[in-house]
Structure formats: C-alpha cells, structure tokens
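Next come the chains, spelled out residue by residue.
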Amino acid sequence: VIRPARLDDWPDVRALWSEIDDLHAVLAPDYFRAPIRHEEDWRRLLAIPAGAVFVAERARSERGAEVLGVLVLRLYDTPADPAMVPRRRAHVETLVVGRQHRRRGIGRDLMTEATGWARRHGAVELVLTVWDGNREAEAFYERLGYHPISRVLHAKI
Ligand SMILES: CC(C)(COP(=O)(O)OP(=O)(O)OC[C@H]1O[C@@H](n2cnc3c(N)ncnc32)[C@H](O)[C@@H]1OP(=O)(O)O)[C@@H](O)C(=O)NCCC(=O)NCCS
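One structure accompanies this document, and this report is about it. (Residues numbered from 1 in each chain as written. Predicted model: local features only at pLDDT ≥ 70, side-chain atom pairs only at ≥ 80, totals over all residues. Heavy atoms only, no water.)

**Quick look at the packing of helix α3 (residues 106–120) against helix α4 (residues 135–143)**
At a closest axis distance of 11 Å, the pairing of α3 and α4 adopts a crossing angle of 55°. Judged by the angle between their axes, α3 and α4 are oblique. By crossing handedness, the relation of α3 to α4 is classed as right-handed. Taking contact as the criterion, the partners of Gly 107, Arg 108 and Met 111 in α3 are, on α4, Phe 140, Tyr 141 and Arg 143. Its residues assigned to classes, the contact of α3 with α4 comprises 3 nonpolar, 1 polar and 2 charged. (Axes fitted to C-alpha atoms, helices over the stretch in contact; angles between N-to-C directions. Helix = DSSP H or I, 4+ residues; strand = E, 2+ residues; numbered from the N terminus. Parallel < 35°, antiparallel > 145°, perpendicular 65-115°, else oblique. Left-handed = near helix turned anticlockwise from the far one by under 90°. Contact = heavy atoms within 4.5 Å. Nonpolar A, V, L, I, M, F, W, Y, C, P; charged D, E, K, R; others polar.)

Written as structure tokens, this is what we have:
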C-alpha cells in the first residue's frame with residue numbers, strides 16, 4: 001500500500017533514511033556525511049507546505065505494519081524571470097526502498113503515486129538529481145523513462 005506518511009512511521013523511516021544518507025556519503029563525501037537524524041527532522045519534513053511524503057507499507061504479522069520505502073516530493077514554481085518559461089515542477093528530493101525489498105516494484109509504485117499527486121497539484125513534470133556512481137538509481141529512472149536535462153561540472157580549486 002502506498003499512503004501519505006505519518007509521524008508514527010518514524011521508527012521504520014529512520015532506518016530507511018540512514019540507507020540513503022550512507023549511500024550519499026559514499027558517493028559524494030565532499031557534499032554529504034551520514035548524520036544522526038531525529039524524530040524532529042521527520043516532523044519538520046512532514047510539515048512542509050508545498051510538498052508530500054509517501055510511504056510504501058506492508059502488513060507485518062506480529063508488530064503491525066512495516067514501512068518499506070519513502071518518497072519526498074516538493075513543488076517548485078519557476079521564479080519571476082522573463083527569460084524562463086513559467087512552469088510548476090515537482091522535485092523528488094528523496095526516494096529509498098529498503099535494501100531487502102528492492103526489485104519488487106515498490107520504487108515504481110512510489111513514483112506512480114508521486115506523479116499523480118504532482119499532476120493534481122499543477123506540476124507538469126517530475127525532476128530529480130542522481131549522484132554520479134549511483135548505478136542502481138540510474139537504471140531505475142531510465143527504466144521509468146527519465147533522462148538527463150543538464151550536467152553539473154565541478155573542479156577542486
Ligand atoms: C532506486 C530504488 C529506489 C529503486 O527501487 P526498487 O523498488 O528496487 O525499484 P523497482 O523494483 O520498482 O524497479 C523498477 C524497475 O527499475 C529497474 N531497476 C531497479 N533497480 C535496478 C537495478 N539495481 N539494476 C537494474 N535495473 C533496476 C528495473 O527495470 C525494475 O524493473 P524489474 O525489477 O521488473 O526489472 C532503490 O534501488 C533504492 O532505494 N536505492 C537506494 C537509494 C537511491 O539510490 N535512491 C535514489 C536516489 S536519487
């Protein structure tokens with residue numbers, strides 16, 4: 001089941017969030033480090049006005065339901081710049097499926113939900129960033145029909 005996230009998802013979300021934090025810290029250590037996240041961070045995320053957070057949940061026999069994946073989405077409107085085409089876009093800021101639950105269609109289901117939500121809120125496209133070296137995510141998004149629109153270059157100085 002894909003549904004809007006709740007504050008009481010935090011215990012499962014904490015583990016998922018650290019999977020993506022750890023991955024980013026490995027892929028781009030000059031940009032990311034693995035932090036200790038707190039329930040307050042989750043509360044703040046859920047309170048973002050122009051955005052949505054979805055979780056993928058499955059029934060778990062003894063301890064109730066279990067959250068297997070999370071997606072964080074945020075709306076952005078083009079700034080008032082005459083050189084830019086005014087559009088509303090939805091950015092996928094976080095997407096992670098628990099390591100043991102990948103390749104079962106959960107990521108795809110979360111993206112489908114995000115797409116529907118974004119459309120209903122006036123967005124014309126989804127946009128996201130994949131850090132270089134994240135082959136799993138590259139293969140996933142390519143499969144879903146996403147393609148690059150820019151490249152970010154850097155050089156140490
Ligand atoms: C990227 C991620 C969210 C995909 O979630 P998932 O639930 O495993 O994806 P799905 O099962 O819905 O995959 C849909 C299709 O994408 C492709 N795909 C997904 N993972 C792939 C992989 N590792 N290698 C090749 N193709 C892959 C496949 O075509 C797959 O369909 P199939 O399994 O029927 O062949 C998951 O791998 C993940 O959480 N990775 C770590 C965090 C991350 O990188 N997030 C994205 C940051 S931008």
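**Side note on unusual backbone geometry**
A positive phi angle is found at Arg 103, which is not glycine, with a value near 60°. For Arg 103, the location among the structural elements is in the loop between β4 (88–97) and α3. Overall, the relative accessible area of 84% leaves Arg 103 in the exposed class. (Buried < 20%, exposed > 50% of the residue type's maximum accessible area, 1.4 Å probe, protein only.)

**Side note on the site of the ligand**
Around the ligand, the structure places 20 residues, and the nearest of them are Leu 95, Arg 103, Gly 105, Gly 107 and Asn 134. The backbone of Arg 103 places a nitrogen or oxygen atom 2.8 Å from an oxygen atom of the ligand. Arg 104 is positioned such that a nitrogen or oxygen atom in its backbone is 3.1 Å from an oxygen atom of the ligand. Taking 910 Å² as the accessible area of the ligand by itself, protein coverage stands at 82%. (Near = heavy atom within 4 Å. Polar contact = N/O pair within 3.5 Å; in protein donor to acceptor, adjacent residues only side chain to side chain. Areas by Shrake-Rupley, 256 points an atom, 1.4 Å probe, with all protein chains shown as cover.)

**Comments concerning the nonpolar core**
One finds Leu 71, Leu 73, Val 92, Leu 110 and Leu 126 to be the most contacted residues of the largest nonpolar core, which totals 21 residues. Among the elements that take part in this core, α3 stands out by supplying 6 residues, more than any other. Ignoring any residue separated from it by four or fewer positions in sequence, one finds Val 92 in contact with Leu 71, Val 72, Leu 73, Met 111, Leu 126, Val 127, Leu 128 and Tyr 141. Counting 14 residues, the second largest nonpolar core, distinct from the first, contains Trp 10, Val 13, Val 53 and Val 55. (Core = buried A, V, L, I, M, F, W, Y, C linked by side-chain atoms within 4.5 Å.)

**What to know about the pairing of strand β3 (residues 64–77)**
Bridging between strand β2 (residues 51–60) and β3 involves 10 bridges; their strand directions are antiparallel. Across the sheet, residue Phe 54 finds its bridge partner in β3, namely Leu 71. Both β3 and β4 contribute to a ladder of 9 bridges, which runs antiparallel. Bridged to Tyr 76 within β4 is Arg 89. (Pairing = 2+ DSSP bridges.)

**Let's talk about the packing of helix α1 (residues 10–27) against helix α2 (residues 39–46)**
For any two helices packed against each other, the geometry comes down to the angle between their axes and how far apart the axes lie. At their nearest, the axes of α1 and α2 sit 10 Å apart, and the two run at 95° to each other. With respect to α2, the element α1 is oriented roughly perpendicular. Along the contact surface, α1 presents Trp 10, Val 13 and Trp 17, while α2 presents Glu 39, Asp 41, Trp 42 and Leu 45. In terms of residue class, the contact of α1 with α2 is made up of 5 nonpolar, no polar and 2 charged.

**As for empty space enclosed by the protein**
Using the criterion set out here, one finds 1 cavity of 30 Å³ or more in the structure. Lining the largest cavity we find Val 13, Leu 16, Trp 17, Trp 42, Leu 45, Val 70, Val 72, Thr 94 and Val 96. Those elements that provide at least two residues to the lining of the largest cavity are α1, α2, β3 and β4. Here the lining of the largest cavity gets 3 residues from one element, more than from any other, and that element is α1. Its residues placed into classes, the lining of the largest cavity shows 8 nonpolar, 1 polar and no charged. (1 Å grid on protein atoms, 1.4 Å probe; cavity = no way out; pocket = protein on both sides within 12 Å on 5 of 7 lines; lining within 4 Å. Points joined across faces, edges and corners; volume = space filled by probe spheres on them.)

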